[in-house]
Protein chains: 6
Amino acid sequence: MEQPEQQGERYERGLKALQHLSGETDPTVVTSLADIAPDLGRFIVEFGYGEVHTRPGLEPRDRQLVTLGALAALGNAAPQLRFHINGALNAGCTRAEVVEALTQIAVYAGFPAAINALQHAKAVFAERDAEA
Amino acid sequence: MEQPEQQGERYERGLKALQHLSGETDPTVVTSLADIAPDLGRFIVEFGYGEVHTRPGLEPRDRQLVTLGALAALGNAAPQLRFHINGALNAGCTRAEVVEALTQIAVYAGFPAAINALQHAKAVFAERDAEA
Amino acid sequence: MEQPEQQGERYERGLKALQHLSGETDPTVVTSLADIAPDLGRFIVEFGYGEVHTRPGLEPRDRQLVTLGALAALGNAAPQLRFHINGALNAGCTRAEVVEALTQIAVYAGFPAAINALQHAKAVFAERDAEA
Amino acid sequence: MEQPEQQGERYERGLKALQHLSGETDPTVVTSLADIAPDLGRFIVEFGYGEVHTRPGLEPRDRQLVTLGALAALGNAAPQLRFHINGALNAGCTRAEVVEALTQIAVYAGFPAAINALQHAKAVFAERDAEA
Amino acid sequence: MEQPEQQGERYERGLKALQHLSGETDPTVVTSLADIAPDLGRFIVEFGYGEVHTRPGLEPRDRQLVTLGALAALGNAAPQLRFHINGALNAGCTRAEVVEALTQIAVYAGFPAAINALQHAKAVFAERDAEA
Amino acid sequence: MEQPEQQGERYERGLKALQHLSGETDPTVVTSLADIAPDLGRFIVEFGYGEVHTRPGLEPRDRQLVTLGALAALGNAAPQLRFHINGALNAGCTRAEVVEALTQIAVYAGFPAAINALQHAKAVFAERDAEA
């Protein structure tokens, strides 16, 4: 079992990871929950990022590949899929690799899941081009 | 568009990739379908492996991470999840990385999906130990 | 087995329950199906409400908690989730309890399911505030 | 809206349809629920079969194709998939057509869903051969 | 195993089937992927239509019933469900049969899945009326 | 934001809640992960129970109703569904209420999900009778 640490440390570590992955200073996922379920926003930072994403056993880029696989296969979480397509690019995946990963979803979750995921990738790429 | 090729080439290329990933000379997924739906077995080899898995744009190890994410999140395809846990190890993932990848599923598809995926990992690791 | 009853009784009882849960005199779910699949609308009233929701063994508020759990976890039925967030409030849940219930979905179906469900809750609460 | 009818008529009509589809005099789905949730068993007969399956607008064989598509794609309801593979054969589908239908699931829900569905078909065909 | 054939033959055969099913000369599913994942578009034509949909063992209309069952039950692929509602009509289903098939989904995947699928059917029917 | 606390407090609080819900001194979910993914076991205790389940805004019994709804609707997490059927009874639900809650799943996720959930309830009730 890890050494006890202050809860604040988890939040700080998670926020930093989330900022890095998203490129956002004030991550939208947290602000969008602030007036409805702020504790869920906190759990995402502390647990999702502070405890899981920042574990040393898997590279950030690898974690994004796992996440793209999960979200594209589930096919019911469009905002999060877009977020993590962006995150995968920020974590070092090329656009071609993201396209490859999502194309592969056709084999495991069917063509509709892959097609819809790639339409989200198209939108994310266009947003990034517009911002560049 | 790729150059036309003989269908036999796709099958050969796919079979080789499937044999390499599974460590099986006669892949079980093909033999288990032989007397009920041999063409589905052929599609898996020709399309799943001959066309998708062998594309150059993503490393085999990366493809396995995407696949683990997809199958663990769906949570309804135990034989395939076990197959690809094994495949991930054969493609260069360490056991610790597989555990990390499946643990992360808790964030995206819930704890039950992660717990059940890790029980499959435990079984696959034990089988490999027994064979070694 | 229950005593036989006229089909019309089931419809009347179900409509009353649906009106009460939704606060609508002409429930939208029925009117929205009227010109495409009126019998599905009838089944919802007769079976979903007239036979299931009005059974005595579980309080209406409890039934809404089960339904919120189901719809938030499935994550693919936004209109129905919104309807039942509203229904939960009409059946006696506080807003804080709805938020608590949907937050808990993160544990069982992952953070994306919980986040998206809570965005729907935010929208429903805003609509109710606007109507008030 | 249809004419009111006695609830007993729905049960009788549904039971007859269920018996015909399953080839069972005492359908297992009803008996297996008798000591835990007999009313769910009754709903299956009255609503599922008495109201939906016996509607005139779609042939029994066509209904089974829709059902095979739904259950194979969901991939989480093995007993019901086996039941309806059997039902499809009893409703006039050939074994080859069942195999074709389930193979097609690979396109819409991925190869694992199709592979697992076809293993169930293999088991159902073997049971029927053993009984013959 | 089928005779080897040139890959181009698969594409031609698949495109023809897809054109026939969709009524589109340049199928949208292919053009919408052209600038993001053209190979996925090619796989849909070659594999989905050239290899699966054009197999002789099941009538096009029957294949559409299976597909409607799968997509309506999954409930997370709205564009594809609309496409195949249209395809079912082009393959010989009547509107009443499509409504019947989607209504039946309530039994196997719940009322929300059926309601949402029928709203898509309503939209597709309206588009066809507007085009007529 | 809550006051920072030592991580150990979360674990202790969570373990106590998990012990109470399960009736197990050494909860199986933790011990079953000990040799494969002990940190996932720790996350379940610290986060799932120490942070979510023990929040004051919803009664334990209510949380179990939400969880039963989620797990029965997902239909792909049998061990967890059995665990939480047991937990619901330990948290104050009667058997009749559990049956009612799972029966209601037929409306939102289809009859197969409800039937399979109730077979799990039957098994859990029998285990409890055997232990009594």
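Counting starts from 1 at the beginning of each chain's written sequence and moves along it residue by residue. Whichever chain is written first becomes A and whichever ligand is written first becomes 1, with later ones labelled in order. Per-residue local features are limited, in this predicted model, to residues with pLDDT of at least 70; the limit for side-chain atom pairs, both in listing and counting, is 80 or more; totals at the level of whole chains, interfaces and linings are taken over all residues.

### Comments concerning the overall build of chain A
Logical step 1: For chain A, the count of helices and strands is seven helices and zero strands.
Logical step 2: Only runs of H or I of at least four residues qualify as helices and only runs of E of at least two qualify as strands under DSSP, and these elements are numbered from the N terminus. Of the regular secondary structure in chain A, the N- to C-terminal order runs α-α-α-α-α-α-α.
Logical step 3: Our radius of gyration is a C-alpha quantity, and the globule rule it is checked against amounts to 2.2 Å times the number of residues to the power 0.38. Scaling as 2.2 N^0.38, a compact globule of 132 residues should have a C-alpha radius of gyration of about 14 Å, and chain A matches this with 15 Å.
Logical step 4: With respect to the principal axes defined by its C-alpha atoms, chain A has extents near 45 × 35 × 25 Å.
Logical step 5: By residue count, 58% of the 132 residues in chain A fall in the buried class.
Logical step 6: Contacts are defined on C-beta atoms placed from the backbone: any two residues whose C-beta positions lie within 7 Å are in contact. Intrachain contacts of chain A at a sequence separation of at least 6 include 62% that bridge at least 24 residues. Buried, partly exposed and exposed are defined by the number of other C-beta atoms within 10 Å of a residue's own C-beta, namely 20 or more, between the two limits, and 12 or fewer respectively, with C-beta atoms placed from the backbone.

### Observations regarding the nonpolar core
Logical step 1: Residues Ala72 of chain A together with Ala72 of chain B are the most contacted members of the largest nonpolar core, which totals 273 residues.
Logical step 2: Setting aside chain neighbours within four positions, we find alanine 72 of chain B in contact with Ala70 of chain A together with Leu81, Leu102, Ile105, Ala109, Ala113, Ala114 and Ala117 of chain B. In plain words, the nonpolar core is the set of buried Ala, Val, Leu, Ile, Met, Phe, Trp, Tyr and Cys residues that C-beta atoms within 7 Å link up.

### Observations regarding the relation of the copies chain B and chain A
Logical step 1: The superposition of copies rests on a least-squares fit of C-alpha positions from residues with pLDDT of 70 or more in both. Superposing chain B onto chain A takes a rotation of 180 degrees combined with a translation of 0.0 Å along the rotation axis, leaving an RMSD of 0.0 Å. Expressed as an axis order, the relation between the two copies is that of a two-fold axis.
Logical step 2: With an isologous cut-off of 70% or more, the 100% of interface residues of chain B that recur at the interface of chain A puts this contact in the isologous class.

### Some words on the interface of chain B and chain A
Logical step 1: With 27 residues of chain B at the interface, the matching set in chain A holds 27 residues.
Logical step 2: For the side of chain B that touches chain A, the secondary-structure elements that each account for two or more residues are helix 3 (38-53), helix 4 (60-74) and helix 6 (95-109) of chain B.
Logical step 3: Sorting elements by how many residues they give to the side of chain B that touches chain A places helix 4 of chain B first, with 12 residues.

### Details of the domain arrangement of chain A
Accessible area lost during the coming together of the parts is what is often quoted as the interface size.
Residues and elements named next belong to chain A.
Logical step 1: Looking at the assigned domains, one finds that chain A contains domain 1 (1-57) and domain 2 (59-132).
Logical step 2: Its C-alpha centre places domain 1 at a distance of 21 Å from the equivalent point of domain 2.
Logical step 3: Listed per partner, the contact involves four residues of domain 1 and six residues of domain 2.
Logical step 4: Gly is placed with the polar residues, together with every amino acid not listed as nonpolar (Ala, Val, Leu, Ile, Met, Phe, Trp, Tyr, Cys and Pro) or charged (Asp, Glu, Lys and Arg). When grouped by side-chain class, the residues that make up the side of domain 1 that touches domain 2 number one nonpolar, three polar and no charged. In this document the domain limits rely on a domain assignment from an automatic tool or a database.

### Section: the packing of helix 5 (residues 78-90) of chain F against helix 7 (residues 111-131) of chain F
All names here are of chain F.
Logical step 1: Each axis is a line fitted through C-alpha atoms, and for a helix only the stretch in contact is used; angles between axes span 0 to 180 degrees, taken between their N-to-C directions. For the pair helix 5 and helix 7, interaxial distance at closest approach is 9 Å and the crossing angle is 55 degrees. Taken together, the axes of helix 5 and helix 7 lie oblique to each other. Judged by the twist between their axes, the crossing of helix 5 over helix 7 is right-handed. Across from Ala78, Leu81, Arg82, Ile85 and Asn86 in helix 5, the residues of helix 7 making contact are Ala117, His120, Ala121, Ala123 and Val124.
Logical step 2: For the contact of helix 5 with helix 7, a count of residues per class yields seven nonpolar, two polar and one charged. Note that the term roughly parallel is reserved for angles under 35 degrees, roughly antiparallel for angles over 145, roughly perpendicular for angles of 65 to 115, and oblique for everything else. Put simply, a crossing is left-handed when the front helix is turned counterclockwise from the back one by less than a right angle, and right-handed when it is turned clockwise.

### Focus on the packing of helix 6 (residues 95-109) of chain E against helix 7 (residues 111-131) of chain E
Residues and elements named next belong to chain E.
Logical step 1: Contact pair helix 6 / helix 7: the axes reach a minimum separation of 7 Å and the direction vectors enclose 160 degrees. With respect to their mutual orientation, helix 6 and helix 7 come out roughly antiparallel. For the element pair helix 6 and helix 7, the recorded crossing hand is right-handed. Residues Arg95, Val98, Val99, Leu102, Thr103, Ile105, Ala106 and Ala109 of helix 6 lie in contact with helix 7, whose contacting residues are Phe111, Ala113, Ala114, Ala117, Leu118, Ala121 and Phe125.
Logical step 2: A breakdown of the residues in the contact of helix 6 with helix 7 according to their chemical character gives 13 nonpolar, one polar and one charged.

### What to know about the environment of alanine 88 of chain F
Residues and elements named next belong to chain F.
Logical step 1: Secondary-structure assignment places alanine 88 in helix 5.
Logical step 2: Alanine 88 gets classed as buried once you count the C-beta atoms within 10 Å, which come to 26.
Logical step 3: Counting along the chain gives 25 residues from alanine 88 to arginine 63, while the straight-line C-alpha distance between them is 8.5 Å.
Logical step 4: Once you skip the residues sitting within four places of it in the chain, alanine 88 turns out to touch Gln64, Leu68, Cys93 and Val98.

### Section: the environment of leucine 18 of chain E
Residues and elements named next belong to chain E.
Logical step 1: Summarising the element assignment, leucine 18 is placed in helix 1 (residues 7-22).
Logical step 2: In this structure the C-alpha to C-alpha distance between leucine 18 and glutamine 80, which are 62 residues apart in sequence, comes to 13 Å.
Logical step 3: Setting aside residues up to four positions removed in sequence, leucine 18 forms contacts with Pro27, Val45 and Tyr49.

### Regarding the confidence of the model for chain A
Logical step 1: Each residue gets a pLDDT score, which is the predictor's confidence in that residue and runs from 0 to 100. With 95% of its residues at a pLDDT of 70 or more, chain A has an overall mean of 95.
Logical step 2: What the predictor reports for the complex is a pTM of 0.96 with an ipTM of 0.94.

### A word on helix 5 of chain F
Logical step 1: Given the number of residues in a helix, its expected span is that number minus one, multiplied by 1.5 Å. Spanning 13 residues, helix 5 of chain F covers 18 Å between terminal C-alpha atoms, matching the ideal 18 Å at 1.5 Å per step.
Logical step 2: Immediately beyond the C-terminal end of helix 5 of chain F, within one or two residues, lies glycine 92 of chain F, with a positive phi of roughly 115 degrees.

### Here's the deal with helix 4 (residues 60-74) of chain E
The α-helix advances 3.6 residues per turn, and as a result positions three or four apart in sequence lie on the same side.
Residues and elements named next belong to chain E.
Logical step 1: The end-to-end C-alpha separation of helix 4 is 21 Å, in line with the 21 Å expected for 15 residues at 1.5 Å each.
Logical step 2: In terms of residue burial, helix 4 counts as a mostly covered element, since 13 of its 15 residues are buried.
Logical step 3: Looking one or two residues beyond helix 4, the residue adopting positive phi is glycine 75, at roughly 70 degrees.

### A few points about the environment of alanine 130 of chain F
Residue and element names in this part refer to chain F.
Logical step 1: Looking at where alanine 130 falls in the secondary structure, it is placed in helix 7.
Logical step 2: By C-beta crowding, alanine 130 is classed as exposed, having 7 other C-beta atoms within 10 Å.
Logical step 3: Residues alanine 130 and glycine 48, 82 residues apart in the sequence, show an inter-C-alpha distance of 29 Å.

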